[in-house]
Amino acid sequence: MTVNLERRSPVTLKGRPAKTEIRDGWRIVSRYSGNAQGPHIIDLSHFSRWDIQDDALEQVEPYGSKIPAKPGQIFMDINLLIGRLNRTQAIAWHFAPEKPVFPQTKAFTDITDAAVAIALTGPWVFDLAEKLCALDLSEPDKNPPFLVQGPFSHVPCHIWVLHHEDSRGCIALTCSRGYAGDMVNGVLEAGAQWGILPEGEDRFRSWMGW
Amino acid sequence: MAFTIVCPVCGIRRSYEFRFGGEDKGPRPEEDTLTPATWCEYVHLNNCVAGIQKEWWFHRDGCGSWFTIYRDTTINQQVENSIDETNP
């Protein structure tokens, strides 16, 4: 008997999808209608995320890639992000359209369904972030990409600063799934003055050059 | 309670991101010689130093690390270690 699992994103964005697809049980919006300049909020919750914990992280190589040596550093490749959290923990994030093969070793835990992931892209995203986050994401000493662990909209988050150019940029946020509604409402409320709009994953891919 | 704490993983942050974990009382008492009185003293009784004390903090809104710092309780600021730990 074939079982078709339906997986639901914790994020609900009000907009008119122009292109959607079903992938691995997720209903994914690739593109919303309209072509506004942004800023944009993009639901990334359907992409696979793995928590990696090991006493010897330097010997763990997700997808043959090295985990960065210092907390806060990010390794970025096509369709792959790996962020170092602390001495024994890292997060790997896959953006490939096909589902990645899960490594059968004790270091890996699939946390895709446990967390919410959104991206903020376009102009004014760092101004928007300043309204919701006391941390300095524009610190001159830090060059994107880098990872910060701290409160965003009062919610403990992993804040992935992926791109920063003048006032434009790309920030990805991950936090516990239960905060999704409040987090999205907070971002939309804070971004209303710049006309923030929902966008699909195609926009995120184009920002990342994938 | 507005002061900053240096997290060993995340760097300097506002104290609002942390949870206080109590005084650092050193290692647990040896179980061979443990009495209810010594266990009670270890768990419940504090020194309440007016000055510099070593204490545990938890980075609740950040990396989730437990670590110790030295804080001057009279000015409520993190300070460098100036306690002679060989002579507590």
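For the structure given in this document, a descriptive report is provided here. Note that the coordinates shown come from a computational prediction; the quantities given were computed from them, not determined experimentally.

In terms of helices and strands, chain B carries 1 helix and 6 strands. The order of helices and strands in chain B, counted from the N terminus, is β-β-β-α-β-β-β. Overall, the C-alpha framework of chain B stretches about 40 × 25 × 20 Å when taken along its three principal axes. Taking all 88 residues of chain B together, 28% fall into the buried category. In chain B, once contacts between residues fewer than 6 apart in sequence are set aside, the share between residues at least 24 apart is 47%. A total of about 5900 Å² of accessible surface is found on chain B, and carbon and sulfur atoms cover 53% of it.

With that settled, consider the overall build of chain A. Assigned secondary structure in chain A consists of 3 helices and 13 strands. At 17 Å, chain A has a C-alpha radius of gyration in line with the 17 Å of a compact globule built from 210 residues. Counting the 210 residues in chain A, one finds 52% classified as buried. Pairs at least 24 apart in sequence give 65% of the contacts found in chain A among residues at least 6 apart. Total accessible area on chain A is roughly 10500 Å²; 48% of this is exposed by carbon and sulfur atoms. For chain A, the distance from the average site of its 21 positive side-chain charges to the average site of its 25 negative ones is 5 Å.

The subject of this paragraph is the side chain of E23 of chain B. All names here are of chain B. Along the chain, the position of E23 falls in strand β3 (residues 19-23). Separated by 3.0 Å, the side chain of E23 and the backbone nitrogen of N47 make a polar contact. With near-sequence residues (within four places) excluded, E23 lies in contact with N46, N47, C48, V49, Q53, K54, E55 and W56.

Time to look at the sheet that holds strand β4 (residues 49-53) of chain A. Paired through backbone hydrogen bonds, the strands of a sheet run either parallel or antiparallel to each other. Residues and elements named next belong to chain A. The strand order across the open sheet built from 5 strands is β5-β6-β7-β4-β8, with neighbouring strands paired in antiparallel fashion. Here the strands that pair on one side only, and so sit at the sheet edges, are β5 (74-77) and β8 (108-110). Taking each pair of neighbouring strands and ignoring which way they run, the sheet shows an average axis angle of 20 degrees. Across 3 bridges, the pairing between β4 and β8 is antiparallel. For W50, the partnering residue across the bridge sits in β8 and is D110.

Taken residue by residue, the interface counts 10 residues in chain A and 9 residues in chain B. In total, chain A and chain B occlude about 700 Å² of area from one another, counting both sides; carbon and sulfur atoms represent 56% of this. The largest contributions to the chain A side of the interface with chain B come from Q149, P151 and P156 of chain A, which together make up 51% of the buried area. Applying the counting criterion to the chain A and chain B interface returns 0 salt bridges. Viewed at the interface, chain B and chain A are joined by 1 residue pair in polar contact (both at pLDDT 80 or more). With 4 residues, the single largest contributor to the side of chain A that touches chain B is strand β10 (residues 146-152) of chain A. The class makeup of the residues in the side of chain A that touches chain B is 7 nonpolar, 3 polar and no charged.

Rules used in this analysis
- Residues numbered from 1 in each chain as written.
- Chains lettered and ligands numbered in written order.
- Predicted model: local features only at pLDDT ≥ 70, side-chain atom pairs only at ≥ 80, totals over all residues.
- Heavy atoms only, no water.
- Helix = DSSP H or I, 4+ residues; strand = E, 2+ residues; numbered from the N terminus.
- Buried < 20%, exposed > 50% of the residue type's maximum accessible area, 1.4 Å probe, protein only.
- Contact = heavy atoms within 4.5 Å.
- Areas by Shrake-Rupley, 256 points an atom, 1.4 Å probe, with all protein chains shown as cover.
- Rg over C-alpha atoms; globule rule 2.2 N^0.38 Å.
- Lys, Arg positive; Asp, Glu negative; His and termini not counted.
- Charge placed at Lys NZ, Arg CZ, Asp CG, Glu CD.
- Polar contact = N/O pair within 3.5 Å; in protein donor to acceptor, adjacent residues only side chain to side chain.
- Pairing = 2+ DSSP bridges.
- Axes fitted to C-alpha atoms, helices over the stretch in contact; angles between N-to-C directions.
- Buried area = accessible area lost by both parts, 1.4 Å probe.
- Salt bridge = Lys/Arg side-chain N within 4 Å of Asp/Glu carboxyl O.
- Nonpolar A, V, L, I, M, F, W, Y, C, P; charged D, E, K, R; others polar.

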